[in-house]
Amino acid sequence: MRLVVMQFVTLDGVSQGPGSSTEDTSDGFDRGGWLVPHMDELFVRRTSQWLGLADGLLLGRRTYTAFARDWPAITDPDDPYTGRMNSLPKYVVSNTLETGQWQPATVLRGDAAGAVRDLKAKPGRELQVHGSARLAGALLSAGVVDALRLVVAPVVLGSGRRLLTQPAEAAGLRLVRHEATGSGLLLLEYETAGAAPTADYDGVTGLVGG
């Protein structure tokens, strides 16, 4: 399976609490719900297609606990996500969680990167990380992430937990798809591309296409 990180972020990189004011108020965060005003038909269609590629969800303990509270409570038969979110296998990276109440669930203990490598070796399409920003950063640093799909909202919050703030290694990415919705969301898909390249600027003459 490929490991794909799926994240909603603001223009200043905040990934905390996109769906409601009460979704994640940890550390005193009170600016949740920033994604909802910008959700439109293209956003729903594309993110539903992305979820349709998943054969499993990989979650950190905090995200798993929040999802276990919220997703089973959604009963709208026309919701394009709920059935799949509730039925997909969940793999929870945690050294404190004993069992998972949101089934089917498997708790992964110890070396997260090693456990993920074992999962990736199994047949399937995508193992998707939703939320779980700290876990996503650790796995990107460990070199086990294959792709990132980001939805960037036209919002600057100025506070909140940010995505990928402390990777131990600089990671290179290659943009493979990009799209803008009518409400101003950017839908970006990157594939990982090894170490991040660097260079010193020496004028435009030597640049490709220059």
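Anyway, here's the lowdown on the structure attached to this text. (Residues numbered from 1 in each chain as written. Predicted model: local features only at pLDDT ≥ 70, side-chain atom pairs only at ≥ 80, totals over all residues. Heavy atoms only, no water.)

### What to know about the overall build of the protein chain
Right, so step 1: Broken down by element type, the protein chain carries 5 helices and 8 strands.
Right, so step 2: Taking 210 residues into account, the globule formula puts the C-alpha radius of gyration at 17 Å, and the protein chain, at 18 Å, falls close to it.
Right, so step 3: Dimensions along the principal axes, computed over C-alpha positions, put the protein chain at roughly 60 × 40 × 35 Å.
Right, so step 4: Taking all 210 residues of the protein chain together, 44% fall into the buried category.
Right, so step 5: Sequence-distant contacts in the protein chain: of pairs separated by 6 or more residues, those separated by 24 or more amount to 70%.
Right, so step 6: Summed over its atoms, the accessible surface of the protein chain is roughly 11000 Å², and 54% of this surface lies on carbon and sulfur atoms.
Right, so step 7: Here the protein chain holds 20 positive side-chain charges and 23 negative ones, and the gap between their average locations is 4 Å. (Helix = DSSP H or I, 4+ residues; strand = E, 2+ residues; numbered from the N terminus. Rg over C-alpha atoms; globule rule 2.2 N^0.38 Å. Buried < 20%, exposed > 50% of the residue type's maximum accessible area, 1.4 Å probe, protein only. Contact = heavy atoms within 4.5 Å. Areas by Shrake-Rupley, 256 points an atom, 1.4 Å probe, with all protein chains shown as cover. Lys, Arg positive; Asp, Glu negative; His and termini not counted. Charge placed at Lys NZ, Arg CZ, Asp CG, Glu CD.)

### Concerning the packing of aromatic side chains
Right, so step 1: Applying the stated criterion across every chain yields a total of 4 aromatic pairs.
Right, so step 2: The interplanar angle of 55 degrees and the centroid separation of 5.7 Å between the aromatic rings of phenylalanine 8 and phenylalanine 43 together place this pair among those described as tilted. One end of the pair, phenylalanine 8, is in strand 1 (residues 2-10); the other, phenylalanine 43, is in helix 1 (residues 41-51), and 35 residues separate them in sequence.
Right, so step 3: Taking the relative accessible area as the measure of exposure, phenylalanine 8 reaches 29% and is therefore partly exposed.
Right, so step 4: Judged by relative accessible area, which is 2%, phenylalanine 43 ranks as buried.
Right, so step 5: Relative to tryptophan 102, the ring of tyrosine 64 lies with its centre 6.0 Å away and its plane at 45 degrees, an arrangement referred to as tilted. With tyrosine 64 in helix 2 (residues 61-70) and tryptophan 102 in the loop between strand 3 (90-93) and strand 4 (105-108), this pair connects stretches of sequence that are 38 residues apart.
Right, so step 6: Here tyrosine 64 falls in the buried class, since its relative accessible area comes to 2%.
Right, so step 7: Here tryptophan 102 falls in the buried class, since its relative accessible area comes to 4%.
Right, so step 8: Each residue in the set Tyr64, Phe67, Trp71 and Trp102 is aromatic and connected to the rest through ring pairs, giving one cluster.
Right, so step 9: The side chain of lysine 90 reaches across the aromatic face of tryptophan 102, ending 4.3 Å from its centre. (Phe/Tyr/Trp six-rings, centres within 6.5 Å; stacked < 30°, edge-to-face > 60°. Lys NZ or Arg CZ within 6 Å of the ring centre and 35° of its normal.)

### Quick notes on the sheet that holds strand 5 (residues 126-130)
Backbone hydrogen bonds are what pair the strands of a sheet, in a parallel or an antiparallel way.
Right, so step 1: One open sheet holds the 8 strands; their spatial order is 4-3-2-5-1-6-8-7, and the pairing between them is mixed. The sheet is open, and its two borders are formed by strand 4 and strand 7 (171-180), each paired with just one other strand. Neighbour-to-neighbour, the strand axes of this sheet turn through a mean angle of 25 degrees, independent of strand direction.
Right, so step 2: Of the strand pairs in this sheet, strand 1 and strand 5 are connected by 5 bridges, and their pairing is parallel. Along strand 5, the bridge assignment pairs methionine 6 with histidine 130.
Right, so step 3: Where helix 2 meets the sheet, it contacts strand 2 (54-60), strand 3, strand 4 and strand 5, and its direction lies at approximately 115 degrees from that of strand 2. (Pairing = 2+ DSSP bridges. Axes fitted to C-alpha atoms, helices over the stretch in contact; angles between N-to-C directions.)

### Points about the side chain of threonine 47
Right, so step 1: Inspection of the secondary structure assignment puts threonine 47 in helix 1.
Right, so step 2: Look at threonine 47 and you get buried, because its relative accessible area is 6%.
Right, so step 3: Engagement of the side chain of threonine 47 in a polar contact is seen with the side chain of tyrosine 81, the distance being 2.7 Å.
Right, so step 4: Excluding anything up to four places from it in sequence, threonine 47 contacts Phe8, Tyr81 and Val151. (Polar contact = N/O pair within 3.5 Å; in protein donor to acceptor, adjacent residues only side chain to side chain.)

### Comments concerning the pairing of strand 7
Right, so step 1: Summarising the sheet, strand 7 and strand 8 (residues 186-195) pair through 8 bridges and their orientation is antiparallel. Bridge assignment links leucine 175 to a residue of strand 8, and that residue is tyrosine 190.
Right, so step 2: The loop that links strand 7 with its antiparallel partner strand 8 comprises 5 residues; one of these, glycine 184, has a positive phi angle of about 100 degrees.

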